[in-house]
Amino acid sequence: MNARDEVLAEGMISGAYVFCPMHDWKINVVDGKGQDPDTGCVKTYKTEVVDGDVFIVL
């Protein structure tokens, strides 16, 4: 992972979207796709919630 990958962690979340501060993209937190006209995407992982704990399924 490099610094370009980590900048999304500094983005703001609103509803189902995170706003990338580097690219000014609006990215859906469910499927990782940028909202039109943005063309960006991020890698997504399946998650599970068990007894209030969130797990990433690899």
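Everything numeric in this text was worked out from a predicted model, so none of it was measured. (Residues numbered from 1 in each chain as written. Predicted model: local features only at pLDDT ≥ 70, side-chain atom pairs only at ≥ 80, totals over all residues. Heavy atoms only, no water.)

Caption draft 1: The arrangement of the confidence of the model for the protein in detail. Here the protein shows a mean pLDDT of 84. Residues at 70 or above account for 90%. Averaged pLDDT values for the elements of the protein fall to 56 in helix H1 (residues 3–6) and rise to 94 in strand S5 (residues 53–57). (pLDDT = per-residue confidence, 0-100. Helix = DSSP H or I, 4+ residues; strand = E, 2+ residues; numbered from the N terminus.)

Caption draft 2: A look at the environment of Leu8. By the element assignment, Leu8 lies in the loop between H1 and strand S1 (12–14). Sequence spacing of Leu8 and Met22 is 14 residues, and the spatial spacing of their C-alpha atoms is 7.5 Å. With sequence-adjacent residues up to four places away left out, Leu8 is seen in contact with Val18, Cys20, Ile27 and Val42. (Contact = heavy atoms within 4.5 Å.)

Caption draft 3: Examining the side chain of Asn28 more closely. Relative to the helices and strands, Asn28 resides in strand S3 (residues 26–28). Residue classification places Asn28 among the buried residues on the basis of a relative accessible area of 16%. A polar contact of 2.6 Å, which involves the side chain of Asn28, links it to the backbone nitrogen of Val30. Of the polar contacts made by the side chain of Asn28, one reaches the backbone nitrogen of Asp31; its length is 3.3 Å. When sequence neighbours within four positions are dropped, the list of residues in contact with Asn28 reads Ala16, Tyr17 and Lys33. (Buried < 20%, exposed > 50% of the residue type's maximum accessible area, 1.4 Å probe, protein only. Polar contact = N/O pair within 3.5 Å; in protein donor to acceptor, adjacent residues only side chain to side chain.)

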